[in-house]
Amino acid sequence: MHSTTASTRFLPRAAAALMAVLLAACCLCGGLFAAPSARADEWRDKEYWLADSGITKAWEVSKGAGVKVAVIDSGIDAQHPDLKGAVVGGYDASGSGQPDGQKSVGSKPEHGTLVATMLAGRGHQPASASPSPSPGPPGTPPDGIMGVAPEAQLLSVSTWLGSPNPSGKSDQDQIPEAVRWAVDNGAKVINISLGSTTPQWPQSWDAAFLYAEQKDVVIVAAAGNRVGGNTQVGAPATIPGVLTVAGLDRKNVASVDASSQGISIGVAAPAENLLGGLPGGGYAEWAGTSGSTPIVAGVAALIRSKWPDMSAEQVINRIITTAKDAGAPGKDPLYGYGILNAEAALKADVPQVSVNPLGTIAEWIRVHRRGNAAPATPLPTATQVPSAAPTLPEATVPAAKAPSPRDSAIGAAVVIGFAVLFVAIIVAAAIQLRRAARNPALAADEPETGVLDKVHPARNSNVTDGRRS
């Protein structure tokens, strides 16, 4: 099933260009099908990114225990066999779901569960197994999908995107409400696997993303997919400070369909031939940066579990600094800083940073929203503002002068001359009319008008009705 274009848009003009916030922009579900009876090796062997992206090696250090990750999406089916014990809370920001955020809503209701299983799937663990196994070499659950951070806890925040919301709540309202709830309920990482077809975002989002930044939360967002309409990265992945994820094909090359491009891209991760769980216990093969994003968000959870006191900007810095450079040397609009290397992100020595290398929404607001956000300042009084020295000479009015006798004489001569000429013309005309009355033959010398009163066609002539063919 390829993605379909969504019709939901913001009502105000600024938001109308933005929404297109659609799950289809970041998700290309190919060959969705239910397979509750699938054996473990059928699925886990296809999770190539666990080894290729260094995740299995990173598990030697951390599996994400103790970290809450909020999934702002279409809702998570917490009853999926691979998510038992993983979802510890939730909220419905759509107004059309369940209060706990676990009802699948929107145009792609399966989307949130696909994302969640890739991020924190635990496989089919035996009933006696602990929901948070201790760190170390990964065991082999008997069935199902293992997520990147299988010990992380999930918060399901449901939003209705991609089609008209029955409750009437717009994306303008849902996204900031979802972000704020996630922050207030302990999320240290937020996964946003959705995007728009425009880099701009509504001003209603500013405060929520600033709030997350001030509360030291890592936000990971999808760059979007060309086949879904994203020829360039769209919001919220364009918001400064957000870790934006681009997509790779199986050869670790920037995906043509399942990715996008833009200067805000931070890192690239697998986006094709992905696997995820479906509501009701099934599985699906899919593609898109919607799937790349939980891979990177999962790595952020591994880091925050290993170093609980590490700042959000340093977590992001570890991920992008340890990425393997690809494409043009250095940061580029296809791969960002490079291809995700989870093992290096968990094991390498990385210099400390004091600011987010991907920018800050606080600074952006200060620069770009200053006309609306800054409080009005009183105008200075007249005594406080000295008059500036004039830079141009003052305008002057030329003095009036009496006309000279010479100018008056010339004007009188011109008037008299025209009067004499007019009289001469009248006299000449009268003489001519008098001569014509005495000799009528002179009138026959007037030129022809070109209008024929009657045409007499000659032999072999093509003249007809006064016109030649």
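From a predicted model like this one, the values you see are computed outputs, not experimental measurements.

The rules behind the values
- Residues numbered from 1 in each chain as written.
- Predicted model: local features only at pLDDT ≥ 70, side-chain atom pairs only at ≥ 80, totals over all residues.
- Heavy atoms only, no water.
- Pairing = 2+ DSSP bridges.
- Helix = DSSP H or I, 4+ residues; strand = E, 2+ residues; numbered from the N terminus.
- Axes fitted to C-alpha atoms, helices over the stretch in contact; angles between N-to-C directions.
- Phe/Tyr/Trp six-rings, centres within 6.5 Å; stacked < 30°, edge-to-face > 60°.
- Buried < 20%, exposed > 50% of the residue type's maximum accessible area, 1.4 Å probe, protein only.
- Salt bridge = Lys/Arg side-chain N within 4 Å of Asp/Glu carboxyl O.

A.B. asks: Would you mind going over the sheet that holds strand 2 (residues 68-73) with me for this structure?
C.D. replies: Neighbouring strands of a sheet are bound in pairs by backbone hydrogen bonds; such pairs are parallel or else antiparallel. In spatial order, the strands read 3-4-2-5-6-7-8; together these seven strands make up an open sheet with parallel pairing. Of all the strands in the sheet, the pair left with one neighbour each is strand 3 (87-92) and strand 8 (265-270). Strand-to-strand twist in this sheet, taken as the mean axis angle between neighbours without regard to direction, amounts to 25 degrees. Relative to strand 7 (residues 243-248), strand 6 (residues 218-222) runs parallel, the two sharing three bridges.

A.B. asks: I keep staring at the packing of aromatic side chains and nothing clicks. Help me out?
C.D. replies: If you walk through the whole model with that rule in mind, you get four aromatic pairs. Plain terms: the ring middles of Trp201 and Trp364 are 4.5 Å apart, the flat faces sit at 40 degrees to each other, and that makes the pair tilted. Residue Trp201 is located in the loop between strand 5 (189-192) and helix 7 (206-214), and its partner Trp364 is located in helix 11 (residues 361-368); the two are separated by 163 residues in the primary sequence. Relative accessible area serves as the criterion here: at 10%, Trp201 is assigned to the buried category.

A.B. asks: So what exactly am I meant to see when it comes to the pattern of salt bridges here?
C.D. replies: A side chain of one charge can pair with a side chain of the opposite charge when the charged atoms of the two come close. All chains considered together, the criterion is met by seven salt bridges. A salt bridge links Arg369 to Asp206, with the shortest nitrogen-to-oxygen separation between them at 2.5 Å. Taken together, the positions of Arg369 in the loop between helix 11 and helix 12 (370-373) and Asp206 in helix 7 put the pair 163 residues apart, joining distant regions of the chain. As far as burial versus exposure is concerned, Arg369 and Asp206 are alike and both buried. Residue Glu363 pairs with Arg366 through a salt bridge whose shortest N-O separation is 2.6 Å. Within this pair, Glu363 and its partner Arg366 are both found in helix 11, separated by three residues, close to a single helical turn. A relative accessible area of 52% means that Arg366 is categorised as exposed. Taken together, the shared-partner salt bridges in this structure form one network comprising Glu60, Glu343 and Lys347.

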